[in-house]
Amino acid sequence: MIAYLDTSALVPLLVAEPTSGVCRRVWADADRIVTSRLTYVEAGAALAMAERQGRVTAAGYGAAWSNLSQIWPDVDVVEVTAEVAANATAFARSRSLRGYDAVHCASAMVLDDPECVAVAGDSKLLAAWHSLGVAVLDVNRAD
């Protein structure tokens, strides 16, 4: 299985969240993990926000950042090329997606592989992938 993870499926690997167990199982079961280059930025921003909001301590932030640095080399990265950006722009309009979600949608579509499962927690992004013929896993509904 190829698992495309959006940020909502990657961050629970770094900090304890209700979906951490599901995300760890996906990570362990996948033959290949793929995500957009933008996930690195989004994950960093999510960790910084968690620290600002007091959901993680400064030490927790440091540990999570260290975790991200350790797992990132194991991730196959889809670059935000002109084609990905153009497709993301189209998906933002046609699928009512926010900017980064549209990039995730377009990035997973680049894989064009029937073994790909797109993993996320955002219902609009999941619906967009599903409507485009991509198998999906909602981390909020998986057990």
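See the structure printed just above.
*Asks:* How do you make sense of the packing of aromatic side chains when you look at a structure like this?
*Replies:* Pairs of aromatic rings are described using the distance from one ring centre to the other and the angle between the two planes. Scanning the entire structure with this criterion turns up 4 aromatic pairs. Ring plane angle 10 degrees and centroid distance 6.5 Å describe the contact between Tyr61 and Trp65, whose orientation is recorded as stacked. Here Trp65 and Tyr61 lie together in helix α4 (residues 58-71), a separation of 4 residues that amounts to about one turn. When its relative accessible area of 29% is taken as the criterion, Trp65 is described as partly exposed. Cluster of aromatic residues (ring-pair linked, three or more members): Tyr40, Tyr61, Trp65 and Trp72.

*Asks:* What am I meant to see in the environment of Thr7 here?
*Replies:* Positionally, Thr7 belongs in helix α1 (residues 7-10). As a C-alpha pair, Thr7 and Thr35 span 28 residues in sequence and 8.3 Å in three-dimensional space. When near neighbours in sequence (up to four residues on either side) are disregarded, Thr7 contacts Pro12, Thr39, Glu42, Ala43 and His104. Polar contacts involving the side chain of Thr7 include one to the side chain of Glu42, which spans 2.4 Å.

*Asks:* So what exactly am I meant to see when it comes to the nonpolar core here?
*Replies:* Soluble, globular proteins show a tendency: their nonpolar side chains are buried together. Ala3, Leu5, Leu10 and Val119 are the most contacted members of the largest nonpolar core, which totals 25 residues. Every element with two or more residues in this core is listed here: β1 (2-5), α1, α2 (20-29), α3 (38-52), α4 and β4 (116-120). If we skip the residues at most four places from it in the chain, Ala3 touches Val26, Ala30, Arg32, Ile33, Val34, Val117 and Val119.

*Asks:* Would you mind showing me how to read the sheet that holds β4 here?
*Replies:* Paired through backbone hydrogen bonds, the strands of a sheet run either parallel or antiparallel to each other. Here we have 5 strands laid out as an open sheet, ordered β3-β2-β1-β4-β5, and parallel in their pairing. The open sheet is flanked by β3 (75-78) and β5 (135-138), the only strands paired with a single partner. The average angle at which neighbouring strand axes cross in this sheet is 30 degrees, direction not considered. Bridging between β4 and β5 involves 4 bridges; their strand directions are parallel. Bridge pairing in β5 links Ala118 to Val136. Of the strands in this sheet, β1, β2 (32-36), β3, β4 and β5 are in contact with α2, which crosses β1 at around 140 degrees.

Rules used in this analysis
Counting from 1, residues in each chain are numbered in the order their sequence is written. Restriction of local features to residues with pLDDT of at least 70 applies here, the model being predicted, together with a cutoff of 80 or more for giving and counting side-chain atom pairs; totals for whole chains, interfaces and linings are based on all residues. Derived side-chain values reflect all non-hydrogen atoms in the structure, with water molecules and hydrogen atoms excluded from consideration. Note on ring pairs: Phe, Tyr and Trp rings are taken, using the six-membered ring of Trp, and paired if centres are within 6.5 Å. Classes follow the plane angle, with under 30 degrees stacked, over 60 edge-to-face and the rest tilted. Helix and strand assignments follow DSSP, with helices taken as H or I runs no shorter than four residues and strands as E runs no shorter than two, numbered in order from the N terminus. The buried label goes to any residue with under 20% of its type's maximum accessible area, the exposed label to any with over 50%, and the partly exposed label to all in between, with areas taken from a 1.4 Å probe on protein chains only. We call two residues in contact when some of their heavy atoms are within 4.5 Å. For the purposes of these results, a polar contact is taken to be a pair of N or O atoms within 3.5 Å, where, inside protein, one atom must be able to donate a hydrogen and its partner to accept one; residues adjacent in sequence count only when each atom of the pair is a side-chain atom. What makes a nonpolar core is a set of buried Ala, Val, Leu, Ile, Met, Phe, Trp, Tyr and Cys residues whose side-chain atoms join them at distances within 4.5 Å. One requirement defines pairing of two strands: DSSP has to find at least two bridges between them. Helix axes use the C-alpha atoms of the stretch in contact, all axes being lines fitted to C-alpha atoms, and the angles between their N-to-C directions lie in the range 0 to 180 degrees.

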